[in-house]
Amino acid sequence: MYVLAGRVAEVMGGASWEELLHQRIFQPLQMTDSRVIGYDVEVDATTSPCLMFSSGTNCIHPCEPAGAIASSADDMAKWLSWHLRGGVTSDGNIIINGTTLADMYKPHVILSAETLNTHYVFKPQFPHTYLTFGYGYAWTTSSYKGYSVVGHGGKIHSYASYLHLLRDLDLGIFISNNGPGQTPPNDEVIVHGCIKNPKDFLGVYRNRLFGDIVITQNQSSEMFVEYGHIKGKLHKTNDRHVLMMEFYGSLEFLSDLGMRYLNMTFTKADESGKYHELLLRYPTPLPPDTSIYSRIADCFVVSA
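Everything quoted here is computed from the prediction, not taken from an experiment. (Residues numbered from 1 in each chain as written. Predicted model: local features only at pLDDT ≥ 70, side-chain atom pairs only at ≥ 80, totals over all residues. Heavy atoms only, no water.)

Student: What exactly am I supposed to notice about the environment of N238 here?
Tutor: Here N238 lies in the loop between β12 (230-236) and β13 (242-248). Owing to a relative accessible area of 71%, N238 belongs among the exposed residues under this scheme. Considering only alpha carbons, one finds N238 and H192, 46 residues apart in sequence, at a separation of 9.8 Å. (Helix = DSSP H or I, 4+ residues; strand = E, 2+ residues; numbered from the N terminus. Buried < 20%, exposed > 50% of the residue type's maximum accessible area, 1.4 Å probe, protein only.)

Here it is in structure tokens:
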């Protein structure tokens, strides 16, 4: 959804997301060492990634608004200080008013008890706890020894970063590192060979929120997926109704992160064996997210 928010900003701001970022954030805060990855970013030899990329080092277009900034320790200190000053630059200019910032930090999504029990709550080794309980506008909301904490972490390629603000203490913490840290490969379920009865899978599957997934076949009986900007090739597994999609094209970089395959589970087969429902399972640290797509049309188009 932050990719969509970035597009909304472009339409309302009359410039590209990268231009708006430079004009309204980087320049006023004098963040001269910050760039959007894929746009003239040179990696210093001392901070190079710990893996090789087969599909281009950086570009993840059009997903940049969801997290694609290369920065430095000095620039991140400027960013943290700006937040702690309540949206005011070091020379006294207001970029975002304090009320808007407070609304960004405030939890708008409260984590469920199940999520807290399975992921966010750890039994303390010492007589204090760190508890994450909500999510604002891209800020997680937490409590540490009674202090309010807002922050966020993220990873891209082999880089990881962690940012926290303890505004009651006028304290900001930023940690960044590069290293393997990739998702474990999920290719162990793949088996060699052609997918049997491909016509049972071919078709257009629709989700009213996320759009259409189109599954086609080429003249070599290979099966392919088109899902907006996402393109992939399907592979068989030991389960007849489960296929694994291998990324290629603009999202091929995901293979370098270890998340090479996406689970596509087909259900509700009729008497002829044709499936009428597709479950798309996204791997996450929590139990996988699943989106349901319903067949709306047969598809016997042979892809090029």
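From this point, the discussion proceeds with the structure in view.
Student: What's the story with the side chain of T265 in this structure? I'm lost.
Tutor: If you trace the backbone, T265 turns up in strand β14 (residues 261-269). For T265, a relative accessible area of 7% corresponds to the buried category. In terms of polar contacts, T265 uses its side chain to reach the side chain of N263, at 2.7 Å. Beyond its immediate chain neighbours, meaning those up to four positions away, T265 contacts H241, V242, E277, L278, L279 and R281. (Polar contact = N/O pair within 3.5 Å; in protein donor to acceptor, adjacent residues only side chain to side chain. Contact = heavy atoms within 4.5 Å.)

Student: I'm lost on the environment of M245 in this one. Help?
Tutor: Within the secondary structure layout, M245 lies in strand β13. For the pair M245 and M264, spaced 19 residues apart in the sequence, the C-alpha separation amounts to 7.0 Å.

Student: Looking at this structure, I do not really get the layout of surface pockets. What am I missing?
Tutor: Its volume calculated, the second largest pocket comes out at about 220 Å³. Taken together, 14 residues form the lining of the second largest pocket, with G193, C194, K233, L234 and H235 sitting closest to its centre. Tallying contributions element by element places β12 first for the lining of the second largest pocket, with four residues. Taken together, the residues that form the lining of the second largest pocket break down as six nonpolar, five polar and three charged. (1 Å grid on protein atoms, 1.4 Å probe; cavity = no way out; pocket = protein on both sides within 12 Å on 5 of 7 lines; lining within 4 Å. Points joined across faces, edges and corners; volume = space filled by probe spheres on them. Nonpolar A, V, L, I, M, F, W, Y, C, P; charged D, E, K, R; others polar.)

Student: What's the story with unusual backbone geometry in this structure? I'm lost.
Tutor: Both trends apply: most residues other than glycine have a negative phi, and most peptide bonds are in trans. If you check the backbone angles, K145 has positive phi at about 55° while not being a glycine. The residue K145 is located in the loop between β5 (140-144) and β6 (147-156) in this model. With relative accessibility at 53%, the residue K145 sits in the exposed group. Residues other than glycine seldom take positive phi values, yet S221 does so here, at roughly 70°. Within the secondary structure, S221 sits in the loop between β10 (211-217) and β11 (223-227). A relative accessible area of 37% means that S221 is categorised as partly exposed.

Student: Where do I start with the pattern of salt bridges in this structure?
Tutor: Oppositely charged side chains may form a pair once their charged atoms are brought near each other. Summed over all chains, the structure comprises nine salt bridges. Ionic pairing is found between D103 and K106, a salt bridge with its closest N-O pair at 3.3 Å. A relative accessible area of 44% places K106 in the partly exposed class. Within this structure, K274, R295 and D298 form a network of salt bridges that share partners. (Salt bridge = Lys/Arg side-chain N within 4 Å of Asp/Glu carboxyl O.)

These figures capture arrangement, not role.
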